[in-house]
Amino acid sequence: MRSVLCTAALVTLGSAAAAQGLDFGQALQQAQEASGQVRNARLDVRAKDLKAEALSNLGGPALSLSGFSGRVATTFNFDTSPLANAANGLGAVLPNVAIPAIPNTVSVNRTFNLHSLGLNANWPIYTGGRLEALHGLEVGKANEARAEARDVEDKTATTVAQRYFTVQLATHAVQLRGAAAKGIAEHQRAASRLEATGLISTADRLKADVALDGARRDLAKAQSDFEIAQVALTRLVGAAAPSPLSTPLFVNSGSVGSLQSFIDAGLQHNAAWDKIASKRQQADQALKIQTGGQLPTVMAIGNYNLNRSNDKLVQPNWAVGILVSVPLLDRIDRAKMKEAAVLDQLRVSALEEQAQRDVPTLIESQWRALQNARAQFQSMDSTIRLARENLRLQTISFQQSQSTTLDVTDARLNLLKVDTERVQAAYEYVMALARLLEATGQPHRLAEFAKAADIQIEPTAE
């Protein structure tokens, strides 16, 4: 009996402290910061943004400093045919003068040390749009990573809602089981007194004992479920210890929005559209790359030798010019690569068409689940009033020996059942709303709806 009272006291204290506890918005923020999946997705976005930024100047000039130091062997060829022709003509004029034979060419082999230092520059003038497309492809990958990060954050928000409000549901279960155990304990004491006066049989008193034992077992299980749910939430938000929760289960008695308004929001904010847009961007840029691969490349190039003391016969002082490259034969079948890129575009279009059907269907499903949960909750008020009245009447009848222990126990368990179903309906309402907001890409609005709700289901003593 002491454990029952202690548990009920703990729940009551927890409810009193909830006003200063962890609200859902804070839990969501902490979970987003602690989540390894969210952190991984955000780092992926940052990495891909940096890659895109790194390629933003692909079409600009490049300048490099190059140097060489080593020993070089080369052959210098000199054309001496004019000198040889002149000597032969002179021999005809002066036949008595011995003129040595002069060859038409003179070759000199030379080995020497060479040290070179120069500036090399190149600037793409025309690449068929390939360089711009490469940058656009990386931007598309960064946008896809950003859409994936949004999707992870949205799913994390739903997970936080599930764990946060599961703790609240478990809190209600402990409170309701504790109240039921307390009431059955009081009934068991009354049965013992009636047995002592001979108004009821020992069998009736034993039935009250059995009911109390069962209630205590159910309370212990509810307490265990509460502790498990609390541990799961604590680890999700990265806290060192559990905190009391200040956002209760709630129901908005009025409509939170029309079906069409949620469909319109989903068609605008769902992360699927950002994913599709990024994939389309990548497919478009890939097609430009393959198309550009069949076009000429024109580049301006230049070189300036900073080491003027070297042998000018080996290395020029400077050079500038235009380099033109026209693809004639390629090891890659560019036509097939282009066809594959076109098919990728068609795949994206197919994904978009499917999403245009799936997203509204998902939103409508969650919206109708939300309406059903609210209707279930609102329809239980009369059932609860009847269950409470029946328990009151059965308790009075038992005290007047007009009903049995079993009648009272059944009445109390029926009240427990309908109270639990009402709280469960509120939980289903909150989760349907959380899933609906995830489908529309607005999970952060759950805290807003919780704050504005006109029905707050706080744990209360029986």
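As the structure is a prediction and not an experimental result, all values here were calculated from the model. (Residues numbered from 1 in each chain as written. Predicted model: local features only at pLDDT ≥ 70, side-chain atom pairs only at ≥ 80, totals over all residues. Heavy atoms only, no water.)

The helix and strand inventory of the chain stands at twelve helices and six strands. The buried share of the chain, reckoned over its 462 residues, is 38%. Relative to all contacts within the chain whose residues are 6 or more apart in sequence, the contacts with residues 24 or more apart total 87%. (Helix = DSSP H or I, 4+ residues; strand = E, 2+ residues; numbered from the N terminus. Buried < 20%, exposed > 50% of the residue type's maximum accessible area, 1.4 Å probe, protein only. Contact = heavy atoms within 4.5 Å.)

Moving on to helix α3 (residues 36-54). Structural remark: α-helix, 3.6 residues per turn; residues separated by three or four positions point the same way. In a regular helix each residue adds 1.5 Å, so 19 residues correspond to 27 Å; α3 covers 27 Å between its end C-alpha atoms and thus fits that length. Looking at α3, one finds that the buried residues are V38, A41, V45, D49 and A52. What you see down the axis of α3 is that its buried residues fit within an arc of 75°, all on one side. More than 90 degrees from the buried face of α3, the exposed residues found are N40, L43 and A54. Packed against the buried residues of α3 are α2 (24-34) and α5 (130-196). The distance from a side-chain oxygen at the start of α3 to the backbone nitrogen of Q37 is 3.3 Å, and the residue carrying that oxygen is S35. (Expected span 1.5 Å × (residues − 1). Arc of directions from axis to C-beta. Polar contact = N/O pair within 3.5 Å; in protein donor to acceptor, adjacent residues only side chain to side chain.)

Moving on to the sheet that holds strand β1 (residues 62-79). The strand order β1-β2-β4-β5 describes an open sheet built from four strands, whose pairing is antiparallel. Every interior strand has two partners, whereas the edge strands, β1 and β5 (318-325), have only one. Here the average twist between neighbouring strands, direction ignored, is 30°. Where strand β2 (residues 105-126) meets strand β4 (residues 297-305), eight bridges bridge the pair, whose relative direction is antiparallel. When the sheet's bridge partners are listed, W123 is paired in β4 with A300. (Pairing = 2+ DSSP bridges. Axes fitted to C-alpha atoms, helices over the stretch in contact; angles between N-to-C directions.)

Let us now look at the packing of aromatic side chains. A complete count under the given rule lists five aromatic pairs for this structure. Summarising the aromatic geometry, the rings of F24 and Y164 are spaced 5.7 Å apart at their centres and angled 85° between planes, so their arrangement reads as edge-to-face. Within this pair, whereas F24 is found in helix α2, its partner Y164 is found in helix α5, the two being separated by 140 residues in sequence. For the pair F24 and Y164, one class covers both residues: buried. (Phe/Tyr/Trp six-rings, centres within 6.5 Å; stacked < 30°, edge-to-face > 60°.)

Attention now moves to the confidence of the model for the chain. On average, residues of the chain score 85 in pLDDT, and 89% of them are at 70 or above. For the stretch residues 1-19, pLDDT sits under 50, and the model shows 23 contacts to residues farther than four places along the chain or on other chains. (pLDDT = per-residue confidence, 0-100.)

A rise of 1.5 Å per residue sets the reference length of helix α9 (residues 334-378), with its 45 residues, at 66 Å; its end C-alpha atoms lie 66 Å apart and thus fit the reference within 8%. The principal kink in α9, of about 25°, is found at A355. N-capping of α9 is provided by D333, with a side-chain oxygen placed 3.2 Å from the backbone N of A335. (Bend = angle between axes of the 7 residues up to and from the residue.)

Another aspect to go through is the pattern of salt bridges. According to the stated counting rule, one finds 21 salt bridges in the structure shown. In this structure, the salt-bridge partner of D44 is K48, at a minimum N-O distance of 2.7 Å. Here D44 and its partner K48 are both found in helix α3, four residues apart, which amounts to about one turn of the helix. Overall, D44 belongs to the partly exposed group, its relative accessible area being 30%. What you see here is one network of salt bridges that share partners, running through E148, D151, K155 and K275. (Salt bridge = Lys/Arg side-chain N within 4 Å of Asp/Glu carboxyl O.)

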